Amino acid sequence: MSGDEERSRRQQLLRRMGIDVWVRRDDPPPAVLEPPADRVAQARDGDARQAQGAAVYAPGAPDIAHMDWQSLAQSVAGCTRCPLCHSRTQTVFGVGRRDADILVVGEAPGAEEDRQGEPFVGRAGQLLDNMLRALGYSRERVFIANMLKCRPPRNRDPGAEEVEACRPYLARQIELVRPSVILALGRIAAQNLLGSDRPLRTLRQQVHTLQQRAIPVVVSYHPAYLLRTPQDKAKAWDDLKRLRELLPERAEREGTA
Ligand code: URA
């Protein structure tokens, strides 16, 4: 199937599912997931803000929205855009295919991810691998990233300023991968990705689209939640079936392995 045919098939699927189809402009703006202006702290008073525990934004932050993979990875590795840079062992950039059909977005690295520098490597990661396998994908054939690239201490929920500081990195990863579909795992990832404060149970019920992008977003439970609540695995499978509808034909996927 040619690129045009695939695009047209995807648009048909989206329309059938009642989703507004966004038509790409010739020269789309590079940034997605624009942060709400009032939540973005400006680069100033770095040390004073840090001392107060507030987000620190690197002065003269580089133009993340135009970075290639290499500069983006380097920028993340040396990031000092929020105070989590002081408590992390290392950043967790993300792993997988740079042209993946599926981009998985989790919340933030946990202890093991912070130690290994890779997302979803613990028990939740094994469950994620199984979920992907059920779709016919290995871990290596998707791209896995998190809202935050650094671990929040004691695995607390990410703070709003941390999310805003990290948002341009994920936005650029989405731009570079241009996946067929994004799988948002858990409330934190889903709400922040979609700019919504609706509960997860509501967000799961429909396929969303990223603002200004024809990239569908399917929301499901976080694997760590499913480990605690296995009775909801059947509902997670419903979500994955919804996601499967948005993927390119299987034969094509096999051809590009
Ligand atoms: N939970 C997440 O959301 N991401 C990880 O990388 C690990 C656990």
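Report follows, based on the coordinates. A quick note: this is a predicted structure, and the numbers were derived from the prediction, not measured. (Residues numbered from 1 in each chain as written. Predicted model: local features only at pLDDT ≥ 70, side-chain atom pairs only at ≥ 80, totals over all residues. Heavy atoms only, no water.)

### Considerations on helix α11 (residues 233-244)
If you check α11, its first and last C-alpha atoms are 16 Å apart, about what 12 residues at 1.5 Å a residue would give, namely 16 Å. Among the residues making up α11, those that are buried are A236, D239, L240 and L243. Along α11, the residues classed as buried sweep out an arc of 100° about the axis, all on the same side. The secondary structure elements touched by the buried residues of α11 are β2 (102-106), α6 (123-134), β4 (181-185), β6 (216-220) and α10 (223-228). (Helix = DSSP H or I, 4+ residues; strand = E, 2+ residues; numbered from the N terminus. Expected span 1.5 Å × (residues − 1). Buried < 20%, exposed > 50% of the residue type's maximum accessible area, 1.4 Å probe, protein only. Arc of directions from axis to C-beta. Contact = heavy atoms within 4.5 Å.)

### A word on the pattern of salt bridges
Counting across every chain of the model gives 12 salt bridges. R156 is the partner of E162 in a salt bridge, and the nearest nitrogen-oxygen pair spans 2.7 Å. Here E164 and R167 are joined by a salt bridge, their closest N and O atoms 2.7 Å apart. Here E164 and its partner R167 are both found in helix α7 (residues 160-177), 3 residues apart, which amounts to about one turn of the helix. Taken together, the shared-partner salt bridges in this structure form one network comprising E118, D129 and R139. (Salt bridge = Lys/Arg side-chain N within 4 Å of Asp/Glu carboxyl O.)

### Points about the nonpolar core
Among the nonpolar cores identified, the biggest contains 60 residues, and I102, V104, I182 and L193 are the most heavily contacted of them. The biggest single contributor to this core is α7, with 7 residues. (Core = buried A, V, L, I, M, F, W, Y, C linked by side-chain atoms within 4.5 Å.)

### Overview of the environment of C150
Residue placement: C150 occurs in the loop between β3 (143-146) and α7. The exposure class assigned to C150 is buried, which follows from its relative accessible area of 8%. Residues C150 and C79, spaced 71 residues apart in sequence, show a C-alpha to C-alpha distance of 9.4 Å. With residues near it in sequence (within four places) discarded, C150 still touches L84, R88, T91, A108 and P109.

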